[in-house]
Each structure stands twice: as structure tokens, then as C-alpha cells.
Amino acid sequence: MGQPVREYLLTLCVTVAVTYLLTGPVRKFAIAAGAMPAIRARDVHREPTPRLGGIAMFGGLCAGLLVADHLQNLNGVFELSNEPRALLSGAALIWLVGVLDDKFEIDALIKLGAQMISAGVMVMQGLTILWIPVPGIGTVSLTQWQGNLLTVALVVITINAVNFVDGLDGLAAGMVCIAAAAFFMYSYRIWYGYGIEAAAPATLFAAILMGMCLGFLPHNMHPARIFMGDSGSMLIGLVLAAGAISITGQVDPDAMALWAGGERNATHAMLPVFIPLLMPLTIIALPAADLVLAIVRRTWNGQSPFAADRGHLHHRLLEIGHSHSRAVLIMYFWSALIAFGAVAYSVNSTSMWIVLAIAALSGVGLLLLLLPRFTPRAPQWAEGMVPPRYRHAERDAEEAAAREAAAGQGAEPEPARLLVGGVSGVNGATAVGPRSRFPDRRKAGSSR
């Protein structure tokens, strides 16, 4: 198999184009089908917005796989491996369940069962973890049941982690696109740098996943015209998990021949082998952290882990005082830092400059995170040259008006930063949780 860089690019472009062009008609279909649920307690958008964006994303997935199957170099992926067919089978099942949930709101346990069945469909067709590299021990072969259980667990966790973070316009699609780009760079290096063709399916999955997200983002950025819904969030979560499973459990570390030389050299050389254990965690680090915190928070408050609330990381950013766009960009920044930092470290783990760069960028990220706490106010002589939010009179008037409006309605006044920060659409669907119907936000278990 040659260097199919241009073929990967062509597959990416076709996936982007198909997803983008399908999203408009899908939006009209969603409106006609009534897939526009009323605004819920935990939502932050003001107008009902159609869902079912996952239909267009699934169309992009099918188009990407179809084009790759007819390309000279990428065709070998389909001839040498059954993983693309396994991915398509599992994706079709989870997508269909997501479409039904977007329209009819399926029960949480049914969705969880569908996720496990989708993972099982992929396992039955060979997309499973066969072995894992363990530091200090080497390659450990797994029994069939161990590999199957680990595969199903990884798929379910990734689907729900991506779904939990799908709460602001463009957030989930952008974060998964960043993760897919980092994963593409990593898997392509394993495939081309070490000549291991078993890494080619994961590289193809990453390229197609990037195309699905890039094609959908123009319609989903703030203010969103359509949401991906469970049909989209569970779909991209499954594709992301499939790539991680392929590169982690299908690529034999012994084929890299990294054991030559001294023990110290072998330890550094084995980092590309150990990174697959960490890479799936780094690319979903923020969604996974949000998932864990949500479960702990809800359980601590005596609620079901599947109960919906407004305590996710993106909600916290809005409460701090960030606007919708800035909150999304901050989440993008941290996702890129973690994912690409892991890739850079796997390439050259001995470089201190990489560690220093990651530390410096982390400091920048923390500064951006706390930016609303240090919002400056321009002096009176310069108020005419700055936006209204930096002017004394304008800001004081907005805060007073907000307090008077809240007091007139008999409700507790909200902080002015929430009124200034911008409001936008939110998918709000959880992969394993029913949609709440709280009459007001204060009953949704939120500090807002």
C-alpha cells in the first residue's frame, strides 16, 4: 500500500461536502417531522431548534466509506480488514436508535442497551481488542471474553462522554473534530512511519470523522440552525471509539521492533506503543471528566446518574461569565492542548521544549478561563472607544435593569454576567438519560 495522502484528503473532502449539503434538507425534514422539542429546563437557547442532524452525518459517513472503497490505495483497507464493514454495521444501528430518540424520546435503558448491542455487532465482525501493551510487562494477550468486554466498555464510555459534552452550539462537533485530527496524525505515523498496515483502518476512520464534523459545523455554530441530536452525538462517539479500538487492540506492538538496544532506549522507543492506552483517554479527556463529574454530582445530590441538569463544564463556563462563543473556544483550546500534546510527546518524549510548551499553553488556558474575573473597565475619557460592556454607565444600567426586571417578576435576580454573556442553542440530549421537563430552571438542580 502506497502513501495515500491525496486519497485521504479526497475522502475527507467528499465527506465534508456530502454532510454539508445534506444538512439543509435534513433541517427541513426535521421541522416537517416535528423533531423540534420545546425548550427544557436545562437548555440555554430561546427558540425551539430542529434536531436529527445525525442523518446528514451518517450520510457523510456512508459517502466517505464508499469513496475510499473505490480508491486505489485505500481500497486495500477493505480487502485486508473487515473493520470498515464492522464500523458501518454498528454505526447504522446506533444511528437508527438515535433518530428514534430524537423524535420519540426513547427510555434511558433502551438507549444503553442499544449502545452495547452496537458494540457487540462490531465485536462479532472482528473490531475488537486482541491485546494491550502494559508498561514493564510488554504485550498481554486477552482472552475472547476479556477483549469483548473491554471493547464494549470503551464504546459505551466514549459514546456517553461525547454525548454529555454536547451542550452548546458547535461544541461536540468541534471537540470531536479536534480529537479526530490528532488521532489521524498519530495513527498515520504508526501506519506509515512503522510500515504497519493494520493501522490504516483507524487512519481512515479518523479522516472520515473529521469530514463528518467539519461538514456539520457551519450549520451548528452559534446561533445553531440545527442540532445533531442523539443520532449525531452517539454516532460520532461510536466512530471515535472504533478508531481507538482499532489502533489499540489490532496493531501488534511486536511488529514495531522496538525492543532493540538498551533498556533506556527501549523504554523511550516503546512510548508509541504505550500511547494507544492513553490516546483514547486524552482525546476524550474533557468529555470523560464531564461524564465522571456529572455522575458524582447527581449521585451526591440524591439524583439518578442519568438525570439531566445544568452542571456540565460548558454550563459552568457560562456561569463564570463567558459568552457562548468564548466558552466554546475555551473548550476547543483545552481539547487541542491535551490531544495534540499527547501526540507531540509520543513523537519526541525526550524534548524538554514540548513539556515547557504544554505548560506555557496551560497557563494561557487558565488565564482565558478566569478572564471574566478580570474584566477591565475603561476610564470615562475612553468609554467612547470601547464596547459597551467595558463602560461604567452602560454596565451599571444593565445590571440595575436586570435586577429590577427579576424583582418585578418575583424571582431571584440573576447575575448580570448571564445576561451579558450571550445565549445560544444547546443540544442537551444525554445518551443514557431521559430529557427533563422541569417547569423552571430553579427546579432543575442548577445553581442558575
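The structure under discussion appears in the preceding block.
As the structure is a prediction and not an experimental result, all values here were calculated from the model.

What counts as what
- Along every chain, residues carry numbers that run from 1 in the direction the sequence is written.
- A pLDDT threshold of at least 70 governs which residues receive local features in this predicted model, and a stricter bar of 80 or more applies before side-chain atom pairs are shown or counted, although totals over entire chains, interfaces and linings include all residues.
- The side-chain values count all of the structure's non-hydrogen atoms but skip hydrogen atoms and water molecules.
- Numbering of helices and strands runs from the N terminus, with a helix taken as a DSSP run of H or I at least four residues long and a strand as a DSSP run of E at least two residues long.
- Only protein chains enter the accessibility calculation, which uses a 1.4 Å probe. A residue is then buried if its area is under 20% of the maximum for its type, exposed if over 50%, and partly exposed in between.
- Whether two residues touch is decided by their heavy atoms; if any such pair falls within 4.5 Å, the residues are in contact.
- Exposure was quantified through the Shrake-Rupley algorithm and a 1.4 Å probe, taking into account, for residues, occlusion by the shown protein chains and nothing else.
- Note on definitions: salt bridges are taken to be side-chain nitrogens of Lys or Arg within 4 Å of carboxyl oxygens of Asp or Glu.
- What makes a patch is a set of residues exposed beyond 30% relative accessible area and free of salt bridges, joined within 9 Å when like-charged and within 5 Å when nonpolar (Val, Leu, Ile, Met, Phe, Trp, Tyr).
- Pairing of N or O atoms within 3.5 Å defines a polar contact, subject to two protein rules: one partner must be a possible hydrogen donor and the other a possible acceptor, and residues neighboring in sequence count only if both atoms are side-chain atoms.
- Convention adopted: a line fitted to C-alpha atoms gives each axis, helices being fitted over their contacting stretch, and angles between N-to-C directions are expressed from 0 to 180 degrees.
- Our angle categories are set so that under 35 degrees counts as roughly parallel, over 145 as roughly antiparallel, 65 to 115 as roughly perpendicular, and the remainder as oblique.
- Definitions for this section: a left-handed crossing has its near helix turned counterclockwise from the far helix by less than a right angle. A right-handed crossing has that turn clockwise.
- Amino acid classes used here: Ala, Val, Leu, Ile, Met, Phe, Trp, Tyr, Cys and Pro are nonpolar; Asp, Glu, Lys and Arg are charged; the rest, including Gly, are polar.
- Each residue after the first adds 1.5 Å to the expected span of a helix.
- The criterion for a disulfide is a pair of cysteine sulfur atoms lying within 2.5 Å.

Trainee: Would you mind going over the overall build of the chain in detail, with residue names and values included?
Mentor: Along the backbone of the chain there are 17 helices and two strands. Within the span of the chain, comprising 448 residues, buried residues form 52% of the whole. Taking contacts inside the chain between residues at least 6 apart in sequence as the whole, the part at least 24 apart equals 77%. Surface summary for the chain: the accessible area is close to 19,700 Å², and the carbon and sulfur share equals 66%.

Trainee: Explain the pattern of salt bridges to me, and be specific about the residues and the numbers.
Mentor: Two side chains with opposite charge may pair up if their charged atoms get near one another. Across all of its chains, the model carries two salt bridges by this definition. We note a salt bridge from Asp101 to Lys111, for which the minimum N-O separation is 3.6 Å. With Asp101 in helix α4 (residues 83-104) and Lys111 in helix α5 (residues 108-124), the pair connects residues that are ten residues apart, well separated along the chain. Each member of the pair, Asp101 as well as Lys111, is classed as buried. In this structure, Asp230 engages Lys111 in a salt bridge whose closest nitrogen and oxygen atoms are separated by 3.4 Å. Here Lys111 lies in helix α5 and Asp230 lies in helix α9 (residues 229-249), a separation of 119 residues in the sequence. Since its relative accessible area comes to 0%, Asp230 is described here as buried.

Trainee: Can you lay out a nonpolar patch on the surface for me, pointing to particular residues and giving the numbers?
Mentor: On the surface, Tyr345, Met352, Trp353, Val355 and Leu356 cluster together into a nonpolar patch covering about 570 Å² of accessible area. In terms of residues, the nonpolar patch owes the most to one element, helix α15 (residues 352-369), which gives four residues. Along the chain, Val355 falls in helix α15.

Trainee: Give a detailed account of the environment of Tyr332, specifying residues and quantitative values.
Mentor: Its location among the elements puts Tyr332 in helix α14 (residues 324-347). Tyr332 sits in the buried class, given a relative accessible area of 15%. Separated by 153 residues in the primary sequence, Tyr332 and Ala179 place their C-alpha atoms 9.8 Å from one another. In this structure Tyr332 touches Gly170, Leu171, Gly174, Met175, Ile178, Leu217 and Met221, once residues within four positions along its chain are discounted. Engagement of the side chain of Tyr332 in a polar contact is seen with the backbone oxygen of Gly170, the distance being 2.4 Å.

Trainee: Requested: an account of the packing of α5 against helix α6 (residues 144-164), with residues and values cited.
Mentor: Where α5 contacts α6, the axes come no closer than 9 Å and their chain directions differ by 130°. Here α5 is positioned oblique relative to α6, judged by the angle of their axes. Remark: the crossing between α5 and α6 carries right-handed chirality. Contact residues: α5 offers Leu112, Gln115, Met116, Ala119, Gly120, Met122 and Val123, while α6 offers Asn148, Thr151, Val152, Val155, Val156, Ile159 and Asn160. Grouping the constituent residues of the contact of α5 with α6 by class yields nine nonpolar, five polar and no charged.

Trainee: Now, about the environment of Val347: what can you tell me, with residues and values included?
Mentor: Here Val347 shows up in helix α14. It is 9.0 Å that separates the C-alpha atoms of Val347 and Arg189, two residues lying 158 residues apart in sequence.

Trainee: Provide a residue-level description of the packing of α4 against α5, including the pertinent values.
Mentor: Running from N to C, α4 and α5 cross one another at 165°; their axes reach a closest spacing of 7 Å. Between α4 and α5, the interaxial angle falls into the category roughly antiparallel. Crossing angle aside, the handedness with which α4 passes α5 is right-handed. The residues of α5 that touch α4, namely those facing Ala86, Leu87, Ser89, Gly90, Leu93, Ile94, Val97 and Asp101, are Lys111, Ala114, Gln115, Ile117, Ser118, Val121 and Met122. Considering only residue class, the contact of α4 with α5 consists of nine nonpolar, four polar and two charged.

Trainee: How would you summarise helix α8 (residues 200-220) if you had to cite specific residues and measurements?
Mentor: Spanning 21 residues, α8 covers 30 Å between terminal C-alpha atoms, matching the ideal 30 Å at 1.5 Å per step. Among the 21 residues of α8, 19 are classified as buried, and the element is accordingly described as predominantly covered.

Trainee: Break down the side chain of His219 for me, with residues and values.
Mentor: Here His219 shows up in helix α8. Residue His219 is classed as buried on the basis of its relative accessible area, which comes to 10%. In terms of polar contacts, His219 uses its side chain to reach the backbone carbonyl oxygen of Tyr20, at 3.1 Å.

Trainee: Would you mind going over unusual backbone geometry in detail, with residue names and values included?
Mentor: Note on backbone geometry: most residues besides glycine have negative phi, and most peptide bonds are trans. Cis geometry marks the peptide bond from His222 to Pro223, where omega comes out at -5°. Note that Pro223 resides in the loop between α8 and α9. Phi is positive for Glu105, which is not a glycine, with a value near 60°. Its place among the elements puts Glu105 in the loop between α4 and α5. Using a relative accessible area of 31% as the deciding quantity, one classes Glu105 as partly exposed.

Trainee: An account of the state of the cysteines is needed here, citing residue identities and associated values.
Mentor: All chains considered together, the criterion is met by zero disulfides. Not engaged in a disulfide, the cysteine Cys177 finds its nearest cysteine sulfur in Cys213; these two sulfurs lie 5.4 Å apart.

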